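# Coordinate inspection notes
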Amino acid sequence: MAYLRGIDHPYQHNVQKYCFYCGHNISYPAIHWVGSVGAITLHSNCAVDLSIKLMSDVHHMQNDTNRRIRM
Ligand SMILES: [Zn+2]
């Protein structure tokens, strides 16, 4: 949803102090996503790791259910 280059950004009111993925203090650049019930902030490397694991979970679910997820 947003790529934050530094401490001055329009999402200051809901940027998380700690990374959603690793739990360490947020540093910049960071990735910030706002969902329907909350917001997450991640280090850019953690966003890559999380997205790979998210896609892996979808892949395993597709194999287990013998269904492809389609849009
Ligand atoms: Zn992190």
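Residues numbered from 1 in each chain as written. Predicted model: local features only at pLDDT ≥ 70, side-chain atom pairs only at ≥ 80, totals over all residues.

## Considering unusual backbone geometry
That bond from Y28 to P29 is cis: its omega, 5°, falls within 30 degrees of zero. For N66, which is not glycine, the phi dihedral falls at a positive 55°.

## A look at the pairing of strand β2 (residues 30-34)
Strand direction decides the pairing type here: strand β1 (residues 2-4) and β2, joined by 3 bridges, are antiparallel. If you follow A2 over to β2, its bridge partner there is H32. In this structure, β2 lies alongside strand β3 (residues 39-43), joined through 5 bridges in antiparallel fashion. What sits directly across from H32, in β3, is T41. Between β2 and β3, which pair antiparallel and follow one another directly, the connecting turn spans 4 residues. (Pairing = 2+ DSSP bridges. Helix = DSSP H or I, 4+ residues; strand = E, 2+ residues; numbered from the N terminus.)

## Thoughts on the nonpolar core
If you look at the biggest cluster of nonpolar residues, it comprises 5 residues: C19, A30, I31, L42 and A47. Not counting the four nearest positions on each side in its chain, A47 is found in contact with I31 and L42. (Core = buried A, V, L, I, M, F, W, Y, C linked by C-beta atoms within 7 Å. Buried ≥ 20, exposed ≤ 12 C-beta atoms within 10 Å, placed from the backbone. Contact = placed C-beta atoms within 7 Å.)

## Observations concerning the environment of I31
When you line up the elements, I31 lands in strand β2. Residue I31 is classed as buried on the basis of its 23 C-beta neighbours within 10 Å. Put simply, I31 and H59 are 28 residues apart on the chain and 24 Å apart in space, counted from C-alpha to C-alpha.

## Things to note about the sheet that holds β3
Here we have 3 strands laid out as an open sheet, ordered β1-β2-β3, and antiparallel in their pairing. Of all the strands in the sheet, the pair left with one neighbour each is β1 and β3. Strand-to-strand twist across the sheet, computed as the mean angle between neighbouring axes with direction ignored, equals 25°. Across the sheet, helix α1 (residues 44-65) lies against β2 and β3, angled at about 110° from β3, the strand it touches most. (Axes fitted to C-alpha atoms, helices over the stretch in contact; angles between N-to-C directions.)

## Regarding the confidence of the model for the protein chain
Here the protein chain shows a mean pLDDT of 88. Residues at 70 or above account for 97%. Mean pLDDT across the secondary structure elements of the protein chain bottoms out at β1, with 76, and peaks at α1, with 94. (pLDDT = per-residue confidence, 0-100.)

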